[in-house]
Amino acid sequence: MRTLRNNSILSCFLYILLSANLQAGVITTSTGEPIEASSISYKNGQIYFNSASETKSLDRRDIRDISFSAKTTQKKDISVSDAGDLANYVEKANGLAAKYPDAQYIKVLSESNARYRHDGTNIYRQRSISYVAKDEALGLAHVSLDFDPNREKVKIIHARCLTPEGEVHNLKSDQIKISKNTSGSVYFNDEQSISFTIPGVTVGSLVDYSYETEEFNPFDANLFAGRCYFQSSCPIGEKILRVSVPTERKLYYVAKNLDEKDAAPTIIEAVDSILYTWKKTDMAPVIGEPAMPPFRDIAPSLYYSLQKDHKYLNAKLKPMYEKRSVLTDDIKAKVDELIKDCKTLNEKIAKLYYFCQQEIRYISIKANMASNQLGHPADETLKNKYGDCTDKGMLLSVMLNYIGVEAYPVLILTNRAGRSVRDLGIFDDNHCITEIHLDGRIFYLDSTATDYRFPYFRLDDHETNARNIVLETQRTVPLPPPEDNAQLSVCKIKLEPDGTTHIDTEHTYNGPTEASIRGYARNLKPEEYEKAIRQSVSGQTADYKLELATHTNPLDFDTQFRSHTAYTLNRFAPKSGKYMIFSIPYFELRFPEVSLQKRNYPIQYVTSRQETDQLAIKIPEGYSVKYLPPALRVQSPYVEFEIIYDQQGDEIDITRKLAFPRRYIPVEDYESYKSDLEKIAYSSKQKIFLEQKQISKTNKTDENSVSENEIKETDTAIPNTDTNSSDTANLENVEGAQK
């Protein structure tokens, strides 16, 4: 018989049993006998538990294991109960509702129990008790759980609600539905869904359900892992994570955004197992802010695994990679066909890149760990003419290797999803791209997208961590400079004496902006594209005439994408007395991410970005320039801005450049960053005042004319234009924006 190992372990054991209100569990004695207990406590070396409506005890040395995620029997029917322990949560729910009056619902209790068994199978048990505070949260009565029937089975332990009147409504077994998941147009798998609706739920109800998932056929018995978030969009009264593993297995864990005190688990060590427990109470909700980081990057969380690092995972996946990256005659023939007219190596890479983007349709079929992590064989993807990110990444790598370019499919977590956890042996990726080693440099391509011109690649791949299984390396995918995601606008404007404005604009794009506009144009017929431009121009004035709305061929990837628009805005610039007041169309800049006085979370954009505007404004005959806005320059680590107005004869030349070289702006730099963007936004709203050289006597007494003082006030209202701020800024790429 084995005993608890030392006094420190025993202290943890005493602490958790004396301080935590534990739920029902299963005690396994040293002889292997399982005992179901409705409650468990500890005192003076004895474990006290309620079983079969009576209190019993055992010496701690006679206990092999305590599990809070197991049952000795699998009952066909779900549990039916009265108010019982639910009544104990009413007072807590009311207290939290008073503290967070705006919350639609409150998670009074959330328990997650994971147990890794000696044979490598796993049991996960979840329990959730929620308080419905408002009508918007009545959907909590509807529960749907996905599972893979080839590997898992799900059992509903209980599902019920306690109404404000004290009535308990229990879910019945015949109200549970199991159905095949709808795969959708491009996603196919074997998953099923178990769903039910808890009866009787009204505002003021407590909704309580518990279920158990048994993984009876894991992909690999050594890949037991999981994660838990201790915060949510709703208030949480108590969140508990328990993980149990056999004594001979070590559990590794990594805490994110947790205090040192909360990151350290309490531990119970029995004869054959060790139970780790993390708990947090009274967690405020996450309140969303514009352009904030992904949820996983800000929420307190815990990741755990049996693997300390990626060595085991890489060793497991490497042979699968080799089997899927075989260069076949069919692949050779296709590559030879594609590159036969190419003169340079870059042209060959680009041709293969475009083929995998456009000719291999995106369809995801997942069935096992191999297809999830490395996709299907490259030859199979070529024959099928479809595949997902791993399939496309594998095929592109094999094709590139054939022409002498070292390339590998690598795994990442896209930056919209958050930062991947790499200091623990877990699968923490959701995408696959291609890593290329050429002439001493490393760069990346993503054949999942369909509209990227070589060498650009998807913006949500930028500044992620790429895990190369073959080389067993991890590298940061670089953030491109702003000029690699840019829009250049060259605009000619001619003003008529009556305020009519003729505008002719050409846009040139590259990087993700180019891919976005190219994809937008590719999916529209010419008449639909023109209609979209008309809708945009009509937002300036209803009295307009569209003369031109064209663009280059979106399917021509050898040419940088451009668009050309020409239109007339009739009597657009208002006149007041001898003055004409002109606001440049589409010139105003808005930054909603700095609308808050203070922020709790950093600002985070998807990638870097740059916009350059070159304008030439022809002054109408008989007018001179009365007022031009001043130049402005803003320079900080996060934003670079410059605007210059220059008058040469009857023409006003304006050059404006706005660049955001970084994605991340910390909270401590928000105040100065906000100040910089407000100056930039203010400068974009400034108007140009033109003065009529000769006016008739009838106009001299116009009561609505703009006075000289008003013009001077406009001038003096402009803030200090010289800034050298250490502020922070990065502007998220606005996909599909069309001036």
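Up top you'll find the structure we're talking about.
On a predicted model such as this, the values are computed, not experimentally measured, just so you know.

Peer 1: Pulling in residues and values, what's your account of the overall build of the chain?
Peer 2: Secondary structure assignment for the chain yields 15 helices and 44 strands. For the chain, with 739 residues in total, the buried portion stands at 52%. When the accessible surface of the chain is totalled, it reaches about 33800 Å², and 46% of it is carbon and sulfur.

Peer 1: Could you give an account of the sheet that holds strand 8 (residues 122-132), naming the residues involved and the relevant values?
Peer 2: On the basis of which strands lie adjacent, the open sheet formed by eight strands has the order 11-10-15-8-7-17-20-19 and mixed pairing. The outermost strands of the open sheet, each flanked by one partner alone, are strand 11 (168-170) and strand 19 (266-269). The sheet shows a mean angle of 15° between the axes of neighbouring strands, direction not considered. Where strand 17 (residues 236-246) meets strand 20 (residues 273-283), 10 bridges bridge the pair, whose relative direction is antiparallel. Residue pairing across strands places S244 opposite L275, the latter belonging to strand 20.

Peer 1: Please give an account of the pairing of strand 9 (residues 142-147) that cites residues and values.
Peer 2: Burial along strand 9 is one-sided: the residues V143, L145 and F147 are buried and none of H142, S144 and D146 is. The pairing of strand 9 with strand 14 (residues 192-197) spans six bridges and is classified as antiparallel. Bridging across to strand 14, H142 finds its partner in T197.

Peer 1: Could you give an account of the environment of I581, with specific residues and numbers?
Peer 2: Looking at where I581 falls in the secondary structure, it is placed in strand 35 (residues 579-582). Between the C-alpha atom of I581 and that of F689, which follows or precedes it by 108 residues, the distance is 4.9 Å.

Peer 1: Please give an account of the environment of Q604 that cites residues and values.
Peer 2: With respect to the helices and strands, Q604 occurs in strand 36 (residues 603-604). Expressed as a C-alpha distance, the spacing of Q604 and P290, which sit 314 residues apart in the sequence, is 9.1 Å.

Peer 1: Break down the sheet that holds strand 12 (residues 177-180) for me, citing the residues and quoting the values.
Peer 2: The sheet built from three strands is open, its strands ordered 9-14-12 with antiparallel pairing. Two strands close off the open sheet at either side, each with one partner strand: strand 9 and strand 12. Sheet twist, expressed as the mean angle between neighbouring strand axes with direction ignored, is 25°.

Peer 1: So, the packing of helix 7 (residues 345-358) against helix 10 (residues 389-402): which residues are in play, and what are the values?
Peer 2: Contact pair helix 7 / helix 10: the axes reach a minimum separation of 10 Å and the direction vectors enclose 155°. Our classification of the angle between helix 7 and helix 10 gives roughly antiparallel. The hand of the helix 7/helix 10 crossing is right-handed. Contacts between helix 7 and helix 10 involve I349, L352, Y353, F355, C356 and Q357 on the former and, on the latter, K392, L395, L396, M399 and L400. When its residues are assigned to classes, the contact of helix 7 with helix 10 shows nine nonpolar, one polar and one charged.

Peer 1: Help me get a handle on the pairing of strand 37 (residues 609-618), residues and values and all.
Peer 2: Side-chain positions along a regular strand alternate between the two faces of the sheet. By the criterion of burial, strand 37 is predominantly enclosed, with seven of the 10 residues buried. Relative to strand 37, strand 30 (residues 486-495) runs parallel, the two sharing nine bridges. Directly across from L488, in strand 37, lies its bridge partner T612.

Peer 1: Describe the nonpolar core, and please don't skip the residues or the numbers.
Peer 2: Among the nonpolar cores identified, the biggest contains 46 residues, and F582, F591, I617, I654, Y673, I680 and I688 are the most heavily contacted of them. When residues in this core are grouped by element, the largest group, five residues, is from helix 13 (residues 670-684). In this view, F582 contacts I493, L495, T501, F572, A573, I617, K687 and I688; residues no more than four positions away in its chain are not counted.

Peer 1: A description of the packing of helix 6 (residues 329-339) against helix 7 should follow, citing residues and the corresponding values.
Peer 2: Each pair of packed helices can be described by the angle between their axes along with the distance between the axes. At a closest axis distance of 9 Å, the pairing of helix 6 and helix 7 adopts a crossing angle of 115°. Where helix 6 crosses over helix 7, the handedness of that crossing is right-handed. Of the residues in helix 7, those touching helix 6 at K334, V335, L338 and I339 are K348, K351, L352 and F355. In the contact of helix 6 with helix 7, the residues fall into five nonpolar, no polar and three charged.

Peer 1: Pulling in residues and values, what's your account of the environment of A159?
Peer 2: Within the secondary structure, A159 sits in strand 10 (residues 152-162). When the C-alpha atoms of A159 and Y209 are compared, they prove to be 4.0 Å apart, with 50 residues separating the residues in sequence. Non-local contacts of A159, meaning those with residues more than four positions away in its chain, are made with H169, N170, L171, F196, I198, D208 and Y209.

Peer 1: Run through the pattern of salt bridges, naming residues and quoting values.
Peer 2: A full pass over the atoms with the stated rule returns 38 salt bridges. In this structure, K99 engages D282 in a salt bridge whose closest nitrogen and oxygen atoms are separated by 2.5 Å. Of this pair, K99 sits in helix 2 (residues 87-99) while D282 sits in strand 20, placing them 183 residues apart in sequence. For D282, a relative accessible area of 35% puts it in the partly exposed group. The salt bridge partner of R151 is E215, with a shortest N-O separation of 2.7 Å. One end of the pair, R151, is in the loop between strand 9 and strand 10; the other, E215, is in strand 15 (residues 206-215), with 64 residues separating them in the sequence. Judged by relative accessible area, R151 falls into the buried class, the value being 14%. Owing to a relative accessible area of 12%, E215 belongs among the buried residues under this scheme. When salt bridges with common partners are traced through the structure, they connect R117, K153 and E214 into a single cluster.

Peer 1: I'd like a description of the packing of aromatic side chains, backed by residues and values.
Peer 2: This model, assessed by the stated rule, comprises 17 aromatic pairs. Relative to F689, the ring of Y627 has its centre 6.0 Å away and its plane inclined at 70°; by these criteria the two rings are edge-to-face. Of the two residues, Y627 sits in strand 38 (residues 623-627) while F689 sits in strand 43 (residues 688-692), which places them 62 residues apart along the sequence. Accessibility assignment for this pair places Y627 and F689 in one class, buried. One cation-aromatic arrangement involves R518 over F557; the distance from NZ or CZ to the ring centre is 4.5 Å. In this arrangement the basic side chain of R656 is found over the ring face of F587, its NZ or CZ atom lying 3.7 Å from the centre.

Peer 1: Any chance you could break down helix 6 for me, citing the residues and the numbers?
Peer 2: Within the sequence span of helix 6, burial applies to I331, K334, V335, L338 and I339. Down the axis of helix 6, the smallest arc covering the buried residues is 115°, so these residues share one side. Looking at the buried positions of helix 6, the neighbouring elements they touch are helix 7, helix 9 (378-384) and helix 10.

Peer 1: Hey, could you go over unusual backbone geometry for me, with residue numbers and the actual values?
Peer 2: F454 connects to P455 through a cis peptide bond whose omega is 10°. Following the sequence through the fold, P455 ends up in the loop between strand 27 (441-445) and strand 28 (465-468). Residues other than glycine seldom take positive phi values, yet A291 does so here, at roughly 55°. Mapped onto the secondary structure, A291 falls in the loop between strand 20 and helix 4 (295-298). Even without being glycine, D439 reaches a positive phi, approximately 55°. Inspection of the secondary structure puts D439 in the loop between strand 26 (431-438) and strand 27. By relative accessible area, which is 74% here, D439 ends up exposed.

Conventions adopted
Residues numbered from 1 in each chain as written. Predicted model: local features only at pLDDT ≥ 70, side-chain atom pairs only at ≥ 80, totals over all residues. Heavy atoms only, no water. Helix = DSSP H or I, 4+ residues; strand = E, 2+ residues; numbered from the N terminus. Buried < 20%, exposed > 50% of the residue type's maximum accessible area, 1.4 Å probe, protein only. Areas by Shrake-Rupley, 256 points an atom, 1.4 Å probe, with all protein chains shown as cover. Pairing = 2+ DSSP bridges. Axes fitted to C-alpha atoms, helices over the stretch in contact; angles between N-to-C directions. Parallel < 35°, antiparallel > 145°, perpendicular 65-115°, else oblique. Left-handed = near helix turned anticlockwise from the far one by under 90°. Contact = heavy atoms within 4.5 Å. Nonpolar A, V, L, I, M, F, W, Y, C, P; charged D, E, K, R; others polar. Core = buried A, V, L, I, M, F, W, Y, C linked by side-chain atoms within 4.5 Å. Salt bridge = Lys/Arg side-chain N within 4 Å of Asp/Glu carboxyl O. Phe/Tyr/Trp six-rings, centres within 6.5 Å; stacked < 30°, edge-to-face > 60°. Lys NZ or Arg CZ within 6 Å of the ring centre and 35° of its normal. Arc of directions from axis to C-beta.

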